[in-house]
Structures are given as structure tokens and as C-alpha cells.
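For reference, the chains in residue letters:
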Amino acid sequence: MTDTLERFLFENRQIRGEIVTLESSFNSIIKNKDYPEIVQKLLGELVAAASLLTATLKFKGEISLQIQSEGFVRYAVVNGTHELDVKGVAKWDETLDSPPSNFKHCFKKGILAITLTPENGTRYQGMVSLDQDSLADCLENYFLQSEQLLTTVVLATDLSNTPKAGGFLVQVIPTSSEATNVANTPDYEHVSYLTRTIKSDELFAISHKEMIHRLFHEDDIRIFEPQMVNFKCDCSRERCAGALRNVNKSELLSMVAEEGSIKMDCQFCHSVYDFDAIDIENIHAQNLDSGSA
Ligand SMILES: [Zn+2]
């Protein structure tokens, strides 16, 4: 079963875990553009990571993982909602003939920003620099620095045949302020060590339950109901109209006069929303209705 995520709990240790494998949602993201393989790989790891992070959201809303850099990869973003709807896009330096061969060389002054946006409540953003050998290592750093949580992350993509992306995470459940003290968590060290033995081809070859049991057969583990991960874009004509409402009307009308209409193209799903002069008049008439005075 692909495009599912399973959370699990060690009954006798203060540790939780998650496993995810993605196929159709990942493919919907990478088919949008002619991405170089290394960017496809990055998007795969980002969407697996976003799924792992959103599966434990305690509020309705979304998490975005956003990369900014001055190197080969310029920009990449993957969003995941509390319902595990994911979408993503990336931009890279298309003038370069040969893309870098590894993660670290994709970035220059690379930053990963993780933003939690509840539907109701305050936004929270944490950042970590992309100076490690893998995205998984950067995320482990993020959890340690921003949340003081010991976390082991494994991320993988397989671009042969039908592209797949997957991830595995184990994390100490904080019970006290000492939760991150390594000396106090020999349990965690053991579980983390076993997690790092996962091979990416294994992750895609066997079921989630089998994987968990193979790694932790000595442990009593509770596995929760699988959750589906879907590619879904929340763009709409109304949202685009909302954005146009904030732009000067005469400016928009002169654009329509020049181009025939205003076309807004969603960067995530490539839906195109078209607005003509009458639409612009209507959008700005609503501005007056809502009493901008
Ligand atoms: Zn869209």
C-alpha cells in the first residue's frame, strides 16, 4: 500500500515512530516540470519529510518545508496539511549543464525554513541551515535545536521504474526537561541505531508492518491505523480574485488591455485562472461593497 503513513508507539519505551511511502502523490509533484534527477530526489525527500511532520499536527492547519539557496537549487517548497494533503514545487539554476551529484553541493547559503500555520492561532517558524550531508541530517538538527527532541530520520527516493519516496522517523517522547539528555536515553540510542540500518530498497520492497517488526522484533509495538497521503492543491479562482483585489484596478485594466486577459498560473498544479475586464470590474466592485472606507 503506497501513499500511506503509519504511526507507531513503543509500549515500553518513551519513543514514537512513523513510516511513510509515497508513489502517486510524489509523481503528481514531479511530473509538473522537467526536473533534473537530483531535484526530483530532493522533492521526494521533502514530501516524505512533510508527511512525517504533519502526521502529528495537534491543530488544523499546515506545515511548509521551504528551502532557499543561492546554489543550483534556488527554491523548493513542500506543504502538507493536517489531512495529509501535500503539494510541492522547486526552482533550480537551469543554465548549469551538469547538476551537482550530491545533496550538499546543491546549495549555497542554503536555509530550510519549517513553518507551522494553524487555521486558528499563531504561526511558528524554525530554521536550520543546509550544511549537512543529507536532508535527514538537517531535520535531525532542526528537531534538536528548535524542539529539543532527539530524532532519527531516514529519507529515501527511488527513481527507477515508477518513482517512489519514503521516510522513517523515531523520536523521544518528551516526559520531562531531561528528555533530550542522551545519557538518560539508552533506549533511544538502541532504537536509533536500528533505524539507521534501514536500506532504501527495503523501505519500498516490504510492507510498513513488516519493516517495523523486522527492525524492532524484540519490542512490544502498537501500530495505529494507516493514514492516506494525497496530492491536493488548494488553489481556486476565489483565492486568485482575492489577490487581484489588492492590486490597483487601473493597473489591472491596463494589463488586460495589453494582454487580452490576466492569466494566473498555479505553480503547484498548473491550473490557469483567467480574468477579463468584466471580472476585474466585479472583483473591485466587491471591494466597494465590503466598505473599504
Ligand atoms: Zn493549484
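Residues numbered from 1 in each chain as written. Predicted model: local features only at pLDDT ≥ 70, side-chain atom pairs only at ≥ 80, totals over all residues.

1. Let's talk about the environment of Glu-259
Tracing the backbone shows Glu-259 in helix H8 (residues 249–259). In this structure Glu-259 comes out as exposed when scored by C-beta crowding, with 9 C-beta atoms within 10 Å. Distance from Glu-259 to Thr-21, taken between C-alpha atoms, is 44 Å for residues 238 residues apart in sequence. (Helix = DSSP H or I, 4+ residues; strand = E, 2+ residues; numbered from the N terminus. Buried ≥ 20, exposed ≤ 12 C-beta atoms within 10 Å, placed from the backbone.)

2. As for the domain arrangement of the chain
You can read the domains of the chain as domain 1 (4–231) and domain 2 (237–289). A straight line from the C-alpha centre of domain 1 to that of domain 2 covers 37 Å. (Domains from an automatic or database assignment.)

3. A closer look at the sheet that holds strand S5 (residues 85–92)
With mixed pairing, 6 strands are arranged side by side in an open sheet as S7-S6-S3-S4-S5-S12. Strand pairing shows two members of the sheet lacking a second neighbour, strand S7 (124–129) and strand S12 (230–231), which therefore form its edges. As paired strands, strand S3 (residues 61–68) and strand S4 (residues 73–81) are joined by 7 bridges and run antiparallel to one another. Its bridge partner being in S4, Gln-66 is matched across the sheet by Val-77. Helix H2 (residues 37–54) rests against S3, S4 and S5 of the sheet, and its axis sits at about 30 degrees to S4. (Pairing = 2+ DSSP bridges. Contact = placed C-beta atoms within 7 Å. Axes fitted to C-alpha atoms, helices over the stretch in contact; angles between N-to-C directions.)

4. Points about the pairing of strand S13 (residues 262–265)
Two strands pair when backbone bridges link them, and S13 and strand S14 (residues 272–275) are joined in this way by 4 bridges, in the antiparallel orientation. Each residue of the ladder has a partner; that of Ile-262, found in S14, is Phe-275. The turn joining S13 and S14, which pair antiparallel and follow one another in sequence, is formed by 6 residues; a positive phi near 65 degrees is taken by His-270.

5. A closer look at the nonpolar core
Leu-43, Leu-46, Val-47, Ala-49, Ala-50, Val-73 and Ala-90 are the most contacted members of the largest nonpolar core, which has 65 residues in total. Examining the composition of this core, we find that 10 residues originate from one element, H2, more than from any other. By size, the runner-up hydrophobic cluster in this structure holds 6 residues, among which are Cys-240, Ile-262, Tyr-273 and Phe-275. (Core = buried A, V, L, I, M, F, W, Y, C linked by C-beta atoms within 7 Å.)

6. Some thoughts on the pairing of strand S8 (residues 151–158)
Across the 8 residues of S8, 8 count as buried, placing the element largely inside the fold. Both faces of S8 are covered, namely the face carrying Thr-151, Val-153, Leu-155 and Thr-157 and the face carrying Thr-152, Val-154, Ala-156 and Asp-158. In this structure, S8 lies alongside strand S9 (residues 164–172), joined through 8 bridges in antiparallel fashion. Across the sheet, Val-154 pairs through a bridge with Phe-168, a residue of S9.

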